[in-house]
Structure formats: structure tokens, C-alpha cells
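Coordinate inspection notes
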Amino acid sequence: MKNPKKSPVKQLALSAITIAVMGLMQQASAQEPMRVEVTGSSIKRLASEASLPITSVSGEEFEKRGMTTLADLMMALPQSNSLAPSNAGSGTNINLRGLGVNRTLVLLNGRRLANEAIADGYANLDVIPMSAIARVEILNDGASSIYGSDAIGGVVNFITKRDFKGATITGQILDPQREGGGDEKRISATVGAGDLQKDGWNVYATIDGLRRSRLAASDRAELTSNELLSSIGRAPSLASGGFASPANFTIPSNKSFAAANPYYSSGCLAPYSIQGGKNTCVIDNRNYNTAIYGREQLTFFAKATKKFSDDHIFSVDYSRGQGQIFGTKIPTTSLAANGVTALLPSTSKWYPGGSGGVPAVAGTNGAPLLVTWSVADAGMYITKDEQVNQRLNFSDEGVIGGWDYKAGLVIGISDRVAYLDSGALDGPKLLSGISTGVLNPFGLQDATGKAYLDSISLNGQKLRVSQSTFTGVELTLSKPIMTLSAGSVGLALGADFHRDTTEDVKTDVGLAATYAASTPSRGQGSRNVAALFAELEIPVTKALNVNLALRDDHFSDFGNTLNPKASFRYQPNSMIMFRGSANTGFRAPTLFDRYGYRLPGATTTTSSAWDDPLQCPSATPAIANTGKPLPGLVAATVCNVKLPKQTGSNAELVPETSVGGTLGMVIEPMKNLTMSFDYWRVTMDDMLANLPEQAYFLNPSKYAAYFVRDETGKLLYIKNTTMNLGGQKAAGIDVATNYTFPKSDLGTFKVQLNGTYLTQFDNQLEKGGEWASNIGRFGLASNGTTSSLPIITFRWKHNLALSWSNGNWTSQLTQNYNTGYHDQNLVAAQYHRDIEQYTVYNFTMSYKGFKNFNIVFGVNNLFDVNPPVTNHSGYNGYLSSAASPLGRAFNTRVTYTF
């Protein structure tokens, strides 16, 4: 058996040789080196023998980088194109390579969790207990042959502490320097008993709570000033009409009458609205938009382990994660409901020029007015999205008949409920209040109006209830089966059976809740997957190892798929190692995509306002508010408005397939310096994705069939369900460098660089169509995420860390960097622009010289860098999902060990 201490490069051949693994190796005797199982293989081996590119981050590294949540890690990883938690409510997800969250497999201790309940295609990381994490291993390569055919983009394995004895409590505060919200408070406690080695048993539990307050756009007013927005072609004054308080109005019986507002000349009743274009008022979004959404998390993890002998260990663990995200919109609007529109008759005292004191407007002449009103009295419209994810995991591992075995049973349940938290009103009753004169759409309400609004509140109602489950059993056997001159041949055999279910119910409240614009529905589906897999590790020579794997999955609804994988590791000497792999993948449509709700008409509205390309044509496609309505049409209904959209499942979907691989090298040109370079490539066919809204409006003639209209040309809805697009080609180079400076009286200094350089990121929106590069620009396919936002792919992204330690003191300076990109530029040509590179520094200092205490103090965003300015449609000045508007923040963490 090889001694892992013979060559330093063997110990550092991969970033997968984590701190935890190294600790285990040091505990092993020189005569019997520890063999471990690392992410990406089922065969136990010396950690130095692995051949796949793996990034590992220890729990201690979270502290050194000033991270408070797993979202911080996912946003910083150079291999990740993850989005920060948004008002979609789905929480934190990871998107390796920008290939889509549905193509990144998330594991907890090597096994799956129940997926997020609505989309049922990926895990919400917010439900994973951060205080229990020992390390995170990110396999930057497809692993369809080992873990399942859907692991096209890679695998993220969250590994908890094996055991724990004693008790600790940790408190952490993230306090922004600038006023406003966005502060975070976190507290966790861990307690455990029993020594696994001495007593043969261990039990421990940990609980972790986090609360973050909402950061409003008004808290960072300098990022959304009129001057800034005007400079990028998004000046608020360019907008016209739409929903506002006081309401704008048109006259349906007089098509030539332009939209107007009775309070335009007096300034539009600040702070709710400001003057827009064409004699109308527009919402002052700075008072309603959210820069960072409020969230709450509470996670719990407990594990009990019994060591029956050196060859037999049994454990059971239970995890429960609960997360809440609060989404916000402008106050409830007077959308048409149940075929009724918001008409104000001349009999209302609030009619312009009437007894209510609303200023008269020339040309009204007593005709009923169609009002577009945002009800300021109701306050901001807030939804609460609550998720609860539970998992019970039984694991039995040991040695029997010379075979290493591992058996497991996983039972997971994921629940998600969307609530109308505040500001929600019954739409039909709101319209009735307008028509009867009880409500004043042109100002704040009198006592009667306020009482009426209270009586039609829908606050606290459930809007959507969803659940997904995962039940799985697995067995893996491995052993050396023969000995060659270069070493032992390892064989692993495995079987896996799991069942997924989903149920998604939209309640009747959606019919009444103005913003929901949803029809009651129910989607339900299930899938059984049975798999057999085998893996063979062959030491061809002392320098060359080859690994072969094959997995056969049988889907109850799509049949069989066979996915092989081959990898090699070649180390001719102690200074250099070569490695590579090739694999195939197969991803069936998620249960939601295939069996979710399916309704014949519109189910929601577009996330941004657009001009209807047929009924409000423009010479500049995809730039809202530049078109003119056709004769006889009202601009407020077809121009610069959120249009009806159909989302939901698609029964015609077929699985997507992929081919991927890596080729790289690890070198140690000098003592304490290790460098790795890995080229990777993934090609997909029949890509499952939906088109971002901009695609439809950039080329409306190409996608005319997706604009479903009636015989008069009126737009019924835009079809935006998940589709099988053409394909995708992505490729790049991962770079990692680690250097430890010679130890001196000043202490020990280390520098570490991890980066990814994209060489290709092409989308093909339909089979046989043109390929379009998305590198350094807003892409034209959302790649299966839950957001309608296009993915932004950076040419180069890295994190660079300089760390120092001396006695009880440690510190680290971390740089997170990405290159610039072309802005979305759906604005007038003179405002087209490029976005500059983005660099943020975090600094931490820790001290453990006080008895039982470990104190960490840090500064996130050390130089108080603002997020890049962007003219992305639907946003105001910056994109909070890709860069934080929080600014400089002070991070304090104190741990006490009992």
C-alpha cells in the first residue's frame, strides 16, 4: 500500500484533499494509511489518489472569509453563477458553470434531500444547517455515473461533522456601516456527548438561527437617483401611464383621449408618485423597490452514531430547515378581475371636478374613466414564502466478507407555502369600491374608504401550497479484487432506488388577490428511479491510474438511460500530475416541468413592462414605452404594461442529454507551491429551459407563434412554459494556486487563488438554429432556473485569499473579482454601455487567546464598493442578484466553548 507522505504533490493533487481529510490521514499510522471516500467516487482510496477536480471549503474557512450564510459561498465560487435569494421565494440555490440549478446535484453527506417544493428540481441551501458543516466538496465535473444521471453540471456535497463532544455557542452580527436595513443576526449552539473511538458512541445536535432585515432601495438612494437612472436611459420621467397613486386614467369611450392625471400639474402627490411622461404620474419605485430581501432561517441537525466494532458503524441523523423570504411589490393595483375593469362613473364624488375636490380635467365630459391605480393606503404588497425541509437518514457501513459496504435509507419531505402577508386586497371588491364611490383612486382615503379597505383585506391567506418528497434506499459494495504489479484493482458495485413525488396547489385566493393573477389549479406527479452502477479503479502502472464507471438508470416515465464515465490520473514524477475525464448525462424533465399545473390561459403577467409588438408596434423592439397603440386602442392597456403570460408544465417535454469532460494538470514547481489547470467542456442537446422575456420582444416575428391572440388580435397570453430548446456548449479553464511562504518570526503566510476562465458559452434556442455566445452578456436562455432573469456569464471570475497566522492570531484578506460585461442595453442606442469589472475585498481577524473564547472580527466590502450600474429592464440602476448593494459591513463573531 502506498504511503501518502512520500510526495507532497500527491497530498495536494486536488483541492479535494481537504483539511478534514488531511487530519484523518495524520491520525493514521505510517504502516496503514487511511483510505477514504471522496466526492465523485464510491471506492475508498488514499486521498492523494483521486483524479477528479474537486474544490473543498472547510467550515473554518467560512469564518475566515467573513461568510454568514451558504449563499455567501455560492456567490463567491468562481465555478458558480448562482443568484442571491430573491422575492421568488425559492431561497439560495447553486448554479455550477451557469448550466442551471436543475443540473447541479446537491447532497448532504453523500445523499439527496427532498427538493424545493414548487419546482422540485433542485435543493434550497437555506435549509442546510450551516453550524453542522465540517466541509463542502464541490465536484467540478459531471457525476452521472455515480450519483445519478442528472448531475450534469457537477455535485455539491455538504458534509457534516462526523462526531462532536462538548458544547459551544456562537453569536454573529453583520452590521452595515450605512443606515437602513440589511443587517444580519445569527446564533447557533452545538452540544454533544460520547467519544466514538473510546466509548464507541456519539450523539450531538446543533441549532442555527439567522434573521436578516429588508434593505429598501430608498436606503441606498444614491444607487437609484434620477441623475443615475437618466444617464443609463432609465429615467423615471420617460415612463408614462401605468399604475400610480394618484391614479392615471383613460376614457374607454373616447379612444383619442390620451392618458391623464388630475394631479400631474401639482407634482403627483409625493412620495407615492412622481411626474412621468405625457401628462401622467408614475410610481416612485425608490419607495417600494427592495435591494435585499428580508429573510429568516432556523435549522436543526442531530446525529447519533454507534460503533459496534472497527468494521461496523451505524448512524442516524435528522435535519430540519425552515426558511422564510419576504417578497415586496408596489401597493395593490386595480387590475381587471373576473372580467370587470376599474371604471369610475361620473356619479362618484371622486370624479375629477366633483364634490370630492379632485381637480377637473378637460375632456372628461362625464364619461366613465378607466383608472390605473396603485392603492397607497394599503401599503407595500408583501408576500411570505415559507419552506420547511426535513430529512431522516439511516446509514450502516462496515466490512463484511472482505467487502467495504455502505447502506442507507433516506426519507425527505419538503413543504412550501406562499402567504399573502400584508397589503393584499380582494380585487373584485376593490373594483366595486371604485364604481360605488366608496374608494378614492386619486388620493388617500377618508374614514369610510379606510374601513372598506380593511374589510376587503386578504392578509394572512394561503396563496399556494406545495410539497415534494424523496424516499431512497441504496447499497454500495467495494473491495480490491486483484493485485497488479502497480497495485490493487478496486471494484465498487451499487444499487439505488428512490421515489420522488410532487403536489402543487394554487388556492382560490389567487382569483381574488389582485397581484396573484392566478387560477386555482393542482399539479401532481411521481417518479420511480431504479439504478445499478459499477466502478473500476485500475492501476495500469505505478504512474497511471484509470477509473471506469457505468450507471444504468430506469425511469418509470422515460425508460432506461446508460451513462458511462472514464477518468485517469498520470503522475510521472513528484512534480507533475495529469488528470482527465469523460462522461455522458441524461436529465429527465422535473416533476413540475412535466406534471405541474397546466392551465389553458394566462397564469401570471410578465415581470417587466413591455409594448405589445402587434398592438403597440415600435421601430425599436424590446424597448418599452417607444411604441404607439394602433388606432382605437388605449395605450395604457397595450403599451409599457405588464402583459399576460402563461407558465406551467409542458407534457411534450423530452429528456435532455449531455457529453462532458475535463483535462488538466497539477504541478509543484517548488516547495510549498501547488498549481492546477483544468479544461472542462459540456455540450447539451434538447436543453430544458424557458426563454427570458427579452427574447420574445427582441425578435417578435420569430416567436409570433408564442403570442396567443383572439380573432381581434388582442393578446391572450405569451406562452412561457419550459421548452426543449436547441442546445448549449460551455467550456472553460479552472485555475487553482496555493503557496505557503517559509515560516518566519512574523508567522505563517499563505496565498490561494481559485478562478475560472470561460472559453465558450453558446446557446442554441431551437434545433438547427444559430448559436449565440453569451460570454460577458445577458444570456438568452435562463437554463432552467426559477427566475425569468437571463444568466450572466463572466469571462473570468476568481477569489484570491492571503492568510496569516501567528500563535493565537489569524487573519485573512479575500478578494472576489469578476470581469465586466455588456449591459442588457434594451434602451435607446445612445445609452448602450458596458459594465466594468467588479472587485470586493473582505477582511477578517481572529483571536483565540482568551480561555474558551474564539473571537472573529471582520469587514465585508472593505472599500465600500457599490454594485455595478446596469440598465437591465425591470431593475433600477443595479442588479442585486449579482452584486450586493449593502456596502461596507462589520462582521463580528464570538464562540464560547463550555
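Since the structure is predicted, the reported quantities are computational estimates derived from the model, not experimental observations.

**Some details on the overall build of the protein**
- Within the protein one finds 11 helices and 45 strands.
- In terms of C-alpha radius of gyration, the protein reaches 29 Å, essentially the compact-globule figure of 29 Å for 898 residues.
- Sequence-distant contacts, at least 24 apart, represent 71% of the contacts inside the protein between residues at least 6 apart.
- Carbon and sulfur atoms make up 57% of the accessible area of the protein, which amounts to about 34,700 Å² in all.
- Charge centroids of the protein, computed over 78 positive and 72 negative side chains, lie 3 Å from each other.

**Thoughts on the sheet that holds strand 32 (residues 715–719)**
- Strand order in the open sheet formed by 4 strands is 26-27-32-31, and the pairing between neighbours is mixed. The sheet is open, and its two edges are formed by strand 26 (604–605) and strand 31 (707–709), each paired on a single side.
- As judged from the 3 bridges shared by strand 31 and strand 32, these two strands associate in the antiparallel manner. Paired with valine 708 across the two strands is tyrosine 717, which belongs to strand 32.

**Here we look at the packing of aromatic side chains**
- Considering all chains together, one arrives at 21 aromatic pairs under this definition.
- Between the aromatic rings of phenylalanine 592 and tyrosine 597, the centroid separation amounts to 5.8 Å while the plane-to-plane angle is 70°, which identifies the pairing as edge-to-face.
- Ring geometry for tyrosine 696 and phenylalanine 707: centres 6.2 Å apart, planes at 90°, overall edge-to-face. Taken as a pair, tyrosine 696 in helix 11 (residues 693–698) and phenylalanine 707 in strand 31 lie far apart in primary sequence, 11 residues in all.

**With respect to the state of the cysteines**
- Per the counting criterion, the structure on display carries 2 disulfides.
- Sulfur-sulfur distance for the disulfide between cysteine 268 and cysteine 281 comes to 2.0 Å. Here the disulfide of cysteine 268 and cysteine 281 is left-handed, its torsion about the S-S bond being about -80°. Here the residue cysteine 268 occupies a position in the loop between strand 10 (248–250) and strand 11 (273–275), and cysteine 281 occupies one in strand 12 (residues 281–283), the gap between them amounting to 13 residues.

**Brief notes about the sheet that holds strand 10**
- Taken in spatial order, the 3 strands line up as 10-17-16 in an open sheet, and their pairing is antiparallel. For this open sheet the edge positions go to strand 10 and strand 16 (343–344), each flanked by a neighbour on one side alone.

**Points about the pattern of salt bridges**
- For the coordinates displayed, the defined rule picks out 29 salt bridges.
- Two residues, glutamate 656 and arginine 587, come together in a salt bridge whose shortest N-O distance is 2.7 Å. Residue glutamate 656 is located in strand 28 (residues 656–670), and its partner arginine 587 is located in strand 25 (residues 576–587); the two are separated by 69 residues in the primary sequence.
- Residue classification places arginine 587 among the buried residues on the basis of a relative accessible area of 2%.
- Linking arginine 833 and aspartate 823 is a salt bridge whose minimum nitrogen-to-oxygen distance equals 2.8 Å. Of this pair, arginine 833 sits in the loop between strand 39 (821–822) and strand 40 (834–835) while aspartate 823 sits in the loop between strand 39 and strand 40; the two residues are 10 residues apart in sequence, bridging distant segments of the chain.
- Look at the salt bridges and you will find they share partners, linking Arg103, Arg587 and Glu656 into a network.

**With respect to helix 6 (residues 427–435)**
- Along helix 6, the residues that are buried comprise Gly427, Leu430, Leu431, Gly433 and Ile434. Angularly, the buried residues of helix 6 cover 155° about the axis, an arc narrow enough to put them on a single face.
- Among the structural elements, strand 16, strand 17 (369–372), helix 7 (447–455) and helix 8 (509–512) are those in contact with the buried residues of helix 6.
- Two or three places before lysine 429, at the start of helix 6, stands the capping residue aspartate 426, its side-chain oxygen 3.1 Å from that residue's backbone nitrogen.
- Positive backbone phi, at 85°, marks glycine 437, one or two positions downstream of helix 6.

**Description of the side chain of asparagine 124**
- Structurally, asparagine 124 is set in the loop between strand 3 (111–112) and strand 4 (133–139).
- Side-chain polar atoms of asparagine 124 contact the backbone nitrogen of aspartate 126, separated by 3.0 Å.
- Within polar-contact distance, the side chain of asparagine 124 engages the side chain of glutamine 387 at 3.4 Å.

**Considerations on the side chain of threonine 844**
- When you line up the elements, threonine 844 lands in strand 41 (residues 838–847).
- Judged by relative accessible area, threonine 844 falls into the buried class, the value being 4%.
- Setting aside chain neighbours within four positions, we find threonine 844 in contact with Glu63, Lys64, Arg65, Gly66, Thr810, Ser811, Gln812, Val856, Phe857 and Gly858.

**Some thoughts on helix 7**
- Of all the positions in helix 7, only Gly449, Tyr452 and Leu453 are classed as buried. Within helix 7, the buried residues cover an arc of 100° as seen down the axis, which keeps them to one side. Facing away from the buried side of helix 7 by more than 90 degrees, the exposed set consists of Ala447, Thr448 and Asp454.

**Looking at a nonpolar patch on the surface**
- Judged by side-chain polarity, Leu663, Phe677, Tyr679, Ile733 and Tyr757 come together as a nonpolar surface patch covering roughly 430 Å² of accessible area.
- With respect to the helices and strands, leucine 663 occurs in strand 28.

**Looking at the pairing of strand 8 (residues 201–212)**
- The pairing of strand 7 (residues 184–193) with strand 8 spans 10 bridges and is antiparallel. Paired with arginine 186 across the bridge in strand 8 is leucine 210.

**Observations concerning the environment of aspartate 496**
- Topologically, aspartate 496 is positioned in strand 21 (residues 487–506).
- Taking the C-alpha atoms as reference points, aspartate 496 and valine 529, 33 residues apart in sequence, are found 8.0 Å from one another.
- Polar side-chain contacts of aspartate 496 include one of 3.0 Å to the side chain of arginine 551.

**Considerations on the confidence of the model for the protein**
- Per-chain confidence: the protein averages 85 in pLDDT, with 90% of residues scoring 70 or above.
- Scored below 50 in pLDDT, residues 1–36 shows 76 contacts in the model against residues more than four places distant or in partner chains.
- Taken together, the stretch residues 45–49 has pLDDT below 50 and engages in 25 contacts with residues farther than four places along the chain or on a different chain.

**So, the pairing of strand 22 (residues 521–539)**
- Across 17 bridges, the pairing between strand 21 and strand 22 is antiparallel. Looking at strand 22, one finds that leucine 493 is bridged to alanine 534.
- Here strand 22 runs beside strand 23 (residues 544–555); their pairing, made up of 11 bridges, is antiparallel. Looking across to strand 23, one finds that glutamate 535 is bridged to alanine 549.
- Linking strand 22 back to strand 23 in an antiparallel pair, the connection comprises 4 residues.

**A closer look at the environment of alanine 622**
- Among the secondary structure elements, alanine 622 is positioned in the loop between strand 26 and helix 10 (635–638).
- With 382 residues separating them along the chain, alanine 622 and serine 240 place their C-alpha atoms 17 Å apart.
- Those residues within four positions of alanine 622 in sequence are excluded, and the remaining contacts are Trp610, Phe697, Leu698 and Leu826.

Basis of the calculations
- Residues numbered from 1 in each chain as written.
- Predicted model: local features only at pLDDT ≥ 70, side-chain atom pairs only at ≥ 80, totals over all residues.
- Heavy atoms only, no water.
- Helix = DSSP H or I, 4+ residues; strand = E, 2+ residues; numbered from the N terminus.
- Rg over C-alpha atoms; globule rule 2.2 N^0.38 Å.
- Contact = heavy atoms within 4.5 Å.
- Areas by Shrake-Rupley, 256 points an atom, 1.4 Å probe, with all protein chains shown as cover.
- Lys, Arg positive; Asp, Glu negative; His and termini not counted.
- Charge placed at Lys NZ, Arg CZ, Asp CG, Glu CD.
- Pairing = 2+ DSSP bridges.
- Phe/Tyr/Trp six-rings, centres within 6.5 Å; stacked < 30°, edge-to-face > 60°.
- Disulfide = S-S within 2.5 Å.
- Salt bridge = Lys/Arg side-chain N within 4 Å of Asp/Glu carboxyl O.
- Buried < 20%, exposed > 50% of the residue type's maximum accessible area, 1.4 Å probe, protein only.
- Arc of directions from axis to C-beta.
- Polar contact = N/O pair within 3.5 Å; in protein donor to acceptor, adjacent residues only side chain to side chain.
- Patch = residues over 30% accessible without salt bridge, like charges linked within 9 Å, V, L, I, M, F, W, Y side chains within 5 Å.
- pLDDT = per-residue confidence, 0-100.

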